[in-house]
Amino acid sequence: MVQRAQRVKGASNDPSTQGSRSAQTARQRNKPFGNVTRGTTNPNRLRRVDRWLAGPQAWRLSTEPNPLVVDLGYGGSPATAVELYSRIHAVCPSAHVTGIEIEPERVRIAKPLEHEGLDFRVGGFEIPVAGNATMVRAFNVLRQYDEADVRLIWATVCSRLTPQGIFVDGTCDEIGRRTTWVALGVDGPQSLTLSMRFGGFELPSDVAERLPKALIHHNMPGERIHRFLQALDKHWLAGATLAPFGNRQRWLRMCKAMYDDGWPVVRAPSRWRLGELTVAWTAVDPDVPIGETV
């Protein structure tokens, strides 16, 4: 299968307009924007990002009377879209979930699972739905594209968000024990979140192989994401004396030490306890060299 994202002919070079023009061009051509990718998935693989969307991000669902939530590129099995509906519906019964796949056969397989509040349709990054989405989740999708296409894809999807909407571009391992995601709003990337199962890693930087496409090739000396992961490892190792009390206590200490050091991490002990840590995008943005302010 093709792994490089197709380019939209005539797309603007202006980041502020290229996303909306890409989506508009795809709709005019009545052709999905994107490529057919592997589509491998597993049940409960995306539980970590789902509980984040249904937890600290659930306030976004109350900004619309009937919010739309999209599982973009759900893969060969519709399981993750069904799970997303269950988790979102528990906190917002009025929400509607749409699973979007670029491969028609995958949509045909999912159609029997449709019911009120959940449907499936063929499409790509142009998000072929009426109106705009409050939440869009694309996991293990952009990882299969060329890094040069990521910004265009981000802009395309963000152009389909409501004013308070969120687009989550993430990656995880096969069973969801190591997970990372970038959260984007209508104005672009806002934060990076790491979420890992205690006991599923030796060092926090083990998650590096599951970084989103925009960051995975930048984990090297002189890059912001490398500096961030190295700081996590330093504080994790410094907390070795807490190991007898469990990895959760050691993780909590690491998160607090990062906050105390001035890293722009979200101070949320209740989320830290889950093996989760969110940092502002400015701290890891590969487009800003170390030493420059943003």
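From a predicted model like this one, the values you see are computed outputs, not experimental measurements.

Engineer: Looking at this structure, I do not really get the pairing of strand β7 (residues 188–196). What am I missing?
Structural biologist: It is a general feature of regular strands that their side chains alternate between the two faces of the sheet. Among the nine residues in β7, seven count as buried, and that is most of the element. Pairing between strand β6 (residues 178–185) and β7: eight bridges, direction antiparallel. Along β7, the bridge assignment pairs Gly185 with Gly188. In sequence, β6 turns back onto β7 through a hairpin of two residues. Strand direction decides the pairing type here: β7 and strand β8 (residues 276–280), joined by five bridges, are antiparallel. Counterpart to Leu192 in the pairing with β8 is Val279.

Engineer: Is there a simple way to think about the pairing of strand β3 (residues 118–122) in this case?
Structural biologist: Direction of pairing for strand β2 (residues 96–101) relative to β3: parallel, over a ladder of five bridges. Bridging from a neighbouring strand, Thr98 pairs with Asp119 of β3. In the classification by handedness, the crossover that spans β2, the intervening helix α4 (residues 104–110) and the parallel β3 is right-handed.

Engineer: What's the story with the confidence of the model for the chain in this structure? I'm lost.
Structural biologist: Predicted coordinates in areas of low pLDDT are best not read in detail. Summing up the model confidence of the chain, the mean pLDDT is 91 and the portion of residues at 70 or higher is 89%. In the model, residues 1–17 has pLDDT below 50 throughout and makes 38 contacts with residues more than four positions away in sequence or in other chains.

Engineer: How should I be thinking about the side chain of Arg45 in this particular structure?
Structural biologist: In this structure, Arg45 sits in the loop between α1 (15–29) and α2 (47–53). Despite its burial, Arg45 pairs with no opposite charge, the nearest such side chain being Glu174 at 5.0 Å. Within the local environment of Arg45, its side chain forms a polar contact with the backbone oxygen of Thr40, the two atoms lying 3.3 Å apart. Of note is the side chain of Arg45, whose polar atom sits 3.3 Å from the backbone oxygen of Cys172.

Engineer: Any chance you could explain the sheet that holds β8 here in plain terms?
Structural biologist: Think of a sheet as strands paired side by side through backbone hydrogen bonds, with each pair either parallel or antiparallel. Strand order in the open sheet made by the eight strands is β3-β2-β1-β4-β5-β6-β7-β8, with mixed pairing throughout. The sheet is open, and its two edges are formed by β3 and β8, each paired on a single side. Shown here is a sheet whose adjacent strand axes are inclined to one another by a mean of 20 degrees, direction ignored. Packing of helix α5 (residues 150–158) onto the sheet brings it into contact with β1 (68–72), β4 (133–139), β5 (161–172), β6 and β7, and relative to β5 it is tilted by some 140 degrees.

The rules we used
Residues numbered from 1 in each chain as written. Predicted model: local features only at pLDDT ≥ 70, side-chain atom pairs only at ≥ 80, totals over all residues. Heavy atoms only, no water. Buried < 20%, exposed > 50% of the residue type's maximum accessible area, 1.4 Å probe, protein only. Helix = DSSP H or I, 4+ residues; strand = E, 2+ residues; numbered from the N terminus. Pairing = 2+ DSSP bridges. Right-handed = clockwise from strand over helix to strand, strands pointing away. pLDDT = per-residue confidence, 0-100. Contact = heavy atoms within 4.5 Å. Lys, Arg positive; Asp, Glu negative; His and termini not counted. Salt bridge = Lys/Arg side-chain N within 4 Å of Asp/Glu carboxyl O. Polar contact = N/O pair within 3.5 Å; in protein donor to acceptor, adjacent residues only side chain to side chain. Axes fitted to C-alpha atoms, helices over the stretch in contact; angles between N-to-C directions.

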